[in-house]
Amino acid sequence: MATRRRAVTGLPNLPSALKTKLYKTGQTRGASVDEIYQNRVLRCNTVLVPYAYRHECLGKNQQYESGFIVLLSPDQYFGMADPIAQLAKDGLALGTNAVVFYQTRDEWNRYPRNAEWTVPTSRKAPLGGQFVARVPATTSGERGAKINLGFTTTEQQGLGIRVYEYANSQSIDLCRMQLEAFFWLCEDAETVAQVAGMTAEAVALRKRHSLDGCRGTGFLDIPRLKTMHILDEVEHTTCPLCLGRLTGQGFLDLMTQAEGRATVDMTVTEIGLFHMQELRMGVLNHRPYNLAWGHHHCNVVIKDSGIPETLAWMVQVIDRNIAAGRISQPLPQTTAVPTAT
């Protein structure tokens, strides 16, 4: 992989909304205070690895900049005849790089904590504690109160990030570089950037620097990007699922909201980050040539299924609706943009 780029002094700034959008591609998804995960932090932070996936995620070629923490369920830990010895076989030790994670009321009641156990005080080895808990409240009185223990303060919220969202610092920078180039390859990108406050000269300089930088580091392979349906036949940026051409304005415009269901804090734009191969355990898929921009609606449809699986499902949906007489061939054309709900 190419070396990490150095910041270029004197380079014109992008419109603030686009700059923020690019920055956020290097962050993890959101997490509530009742989850064990950190909320919207860099993808190079400490990763949380479920014990069942330790071999896939902690292989000899898997390196994590800020380290890892293995999460064991109480069933897994207390079900071991000799947990210290069994964990040691995988290079693990409770309180050093592994903790017991309580998630249900039944686990909390059935598996009392050892008297010397405490909650962690560090995200790096040694952790300084052996267990964490995120047990939801129940309706059974005081004994059903919510139990959140370990990394619950405002200053230290969440123990780590989902392991499949991880990317090292270099990959984060290279992905942002490539994603900015994809913006400039939208057919109206220059006009949109000027309307957003950039001068024509600044647009020309920034676009040239972006595209030349990608070419120079091997991250603007046009034939490859066409084959992946990130670019269309005339080298404009497209949505990888629906293959509709993307607009630069879509990066800045908020989604249209359904009438009567609008919210004042709406922040979802029409175009968002799109993973060509979905994020999954044991594979680091936040990397160049696996990221694109796509319609928000298409991202909602695809979820974590992957493009081939989603397309196969869509074909089945269409075929069933044709067979039921709801639609006919050829299908009616529409240019309507789905609204946010």
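J.: Whenever I open this one, the environment of glutamate 201 confuses me. Can you help?
T.: By secondary structure assignment, the location of glutamate 201 is in helix 8 (residues 200–216). Glutamate 201 sits in the exposed class, given a relative accessible area of 61%. When the C-alpha atoms of glutamate 201 and proline 12 are compared, they prove to be 9.3 Å apart, with 189 residues separating the residues in sequence.

J.: How do you make sense of the packing of helix 6 (residues 169–184) against helix 8 when you look at a structure like this?
T.: Here helix 6 crosses helix 8 at 130 degrees, and the two axes come no closer than 9 Å. Accordingly, the angle class assigned to the pair helix 6 and helix 8 is oblique. Taken as a pair, helix 6 and helix 8 cross one another with a handedness that is left-handed. Where helix 6 abuts helix 8, its residues Met177, Gln178, Glu180, Ala181 and Trp184 lie against Val203, Arg206, Lys207, Ser210, Leu211, Gly213 and Cys214.

J.: Sorry if this is basic, but what is going on with the packing of helix 1 (residues 16–24) against helix 6 here?
T.: For any two helices packed against each other, the geometry comes down to the angle between their axes and how far apart the axes lie. In contact at an axis separation of 9 Å, helix 1 and helix 6 are set at 140 degrees when each is read in the N-to-C sense. If you check the angle between helix 1 and helix 6, you find them oblique. At the point where helix 1 passes helix 6, the crossing takes the right-handed sense. Between helix 1 and helix 6, the contacting residues are Leu18, Leu22 and Tyr23 on the first element and Arg176, Leu179, Glu180 and Phe183 on the second. Of the residues assigned to the contact of helix 1 with helix 6, the class counts are five nonpolar, no polar and two charged.

J.: Could you clarify how one ought to interpret the sheet that holds strand 2 (residues 68–72) in this entry?
T.: The pairing of strands in a sheet happens through backbone hydrogen bonds and is either parallel or antiparallel. If you walk across this open sheet you meet the six strands as 5-4-3-2-1-6, and the pairing is mixed. Each edge of the sheet is formed by a strand with only one pairing partner; in this case those strands are strand 5 (147–149) and strand 6 (161–162). In this structure, strand 4 (residues 131–135) lies alongside strand 5, joined through three bridges in antiparallel fashion. When the sheet's bridge partners are listed, alanine 133 is paired in strand 5 with leucine 149.

J.: Can you help me understand the pairing of strand 3 (residues 98–102) in this one?
T.: Each regular strand carries side chains that alternate between the two faces of the sheet. Burial analysis of strand 3 places five of its five residues in the buried class, the great majority of the element. Where burial is concerned, the two faces of strand 3 agree: the one with Ala98, Val100 and Tyr102 and the one with Val99 and Phe101 are both buried. Sheet topology note: the strand 2/strand 3 ladder contains three bridges and is parallel. Among the inter-strand pairings, valine 70 is bridged to a residue of strand 3, identified as alanine 98. Bridging between strand 3 and strand 4 involves three bridges; their strand directions are parallel. Each residue of the ladder has a partner; that of tyrosine 102, found in strand 4, is alanine 133.

J.: What is the right way to look at the packing of aromatic side chains in this model?
T.: Note on aromatic pairs: each is described by the distance of the centres and the angle between the planes. One pass over the full model with this rule turns up 13 aromatic pairs. Ring centres of tyrosine 77 and phenylalanine 78 lie 5.2 Å apart, and the angle between their planes is 90 degrees; this geometry places the pair in the edge-to-face category. On the numbers, 5.6 Å between centres and 65 degrees between planes, the contact of tyrosine 77 with tryptophan 117 is edge-to-face. Taken together, the residues tyrosine 77 in helix 3 (residues 74–78) and tryptophan 117 in the loop between helix 5 (105–110) and strand 4 connect sequence positions 40 residues apart. Residue tyrosine 77 shares its accessibility class with tryptophan 117, and that shared class is buried. Among the aromatic residues, those joined into a ring-pair cluster are Tyr77, Phe78, Tyr102, Trp108, Tyr111, Trp117 and Phe131. In this structure, arginine 113 packs its charged tip against the face of tryptophan 108, placed 3.5 Å from the ring centre. Positioned over the ring face of tyrosine 289 is arginine 224, at 3.7 Å from the centre of the ring.

J.: What is the right way to read the nonpolar core from this model?
T.: One broad rule of soluble globular proteins: the nonpolar side chains tend to lie buried together. Trp184, Leu220, Phe274 and Trp293 are the most contacted members of the largest nonpolar core, which has 41 residues in total. Counting residues per element, the ones that place at least two in this core are helix 1, helix 6, helix 7 (189–195), helix 8, helix 9 (222–227), strand 7 (271–275), strand 8 (291–295) and helix 10 (296–302). The greatest single-element share of this core, amounting to eight residues, is contributed by helix 6. Leave out the neighbours within four places in its chain, and phenylalanine 274 touches Pro240, Leu241, Asn290, Leu291, Ala292, Trp293, Gly294, Cys298, Asn299, Ile302 and Ile307. Core analysis: the next-biggest nonpolar cluster, separate from the first, contains 29 residues, Tyr77, Val100, Tyr111 and Ile172 among them.

J.: What is the right way to look at the pairing of strand 8 in this model?
T.: Of all the five residues making up strand 8, four are buried; the element is thus mostly covered by neighbouring parts of the structure. Bridge count between strand 7 and strand 8: five bridges; the pairing is antiparallel. Bridging from a neighbouring strand, histidine 275 pairs with leucine 291 of strand 8.

J.: Any chance you could explain the pattern of salt bridges here in plain terms?
T.: A pair can form between side chains of opposite charge whenever their charged atoms are brought close. By the definition in use, this model includes 13 salt bridges. For arginine 162, the salt bridge is made with glutamate 35, and the minimal N-O distance between the two is 3.7 Å. With arginine 162 in strand 6 and glutamate 35 in the loop between helix 1 and strand 1 (47–50), this residue pair connects regions lying 127 residues apart in the sequence. The class for arginine 162 is buried, based on a relative accessible area of 7%. Judged by its relative accessible area of 27%, glutamate 35 falls in the partly exposed class. One salt bridge in this structure joins arginine 245 and aspartate 232, with 2.8 Å as the shortest N-O distance. Of the two residues, arginine 245 sits in the loop between helix 9 and strand 7 while aspartate 232 sits in the loop between helix 9 and strand 7, which places them 13 residues apart along the sequence.

Definitions and cut-offs
Residues numbered from 1 in each chain as written. Predicted model: local features only at pLDDT ≥ 70, side-chain atom pairs only at ≥ 80, totals over all residues. Heavy atoms only, no water. Helix = DSSP H or I, 4+ residues; strand = E, 2+ residues; numbered from the N terminus. Buried < 20%, exposed > 50% of the residue type's maximum accessible area, 1.4 Å probe, protein only. Axes fitted to C-alpha atoms, helices over the stretch in contact; angles between N-to-C directions. Parallel < 35°, antiparallel > 145°, perpendicular 65-115°, else oblique. Left-handed = near helix turned anticlockwise from the far one by under 90°. Contact = heavy atoms within 4.5 Å. Nonpolar A, V, L, I, M, F, W, Y, C, P; charged D, E, K, R; others polar. Pairing = 2+ DSSP bridges. Phe/Tyr/Trp six-rings, centres within 6.5 Å; stacked < 30°, edge-to-face > 60°. Lys NZ or Arg CZ within 6 Å of the ring centre and 35° of its normal. Core = buried A, V, L, I, M, F, W, Y, C linked by side-chain atoms within 4.5 Å. Salt bridge = Lys/Arg side-chain N within 4 Å of Asp/Glu carboxyl O.

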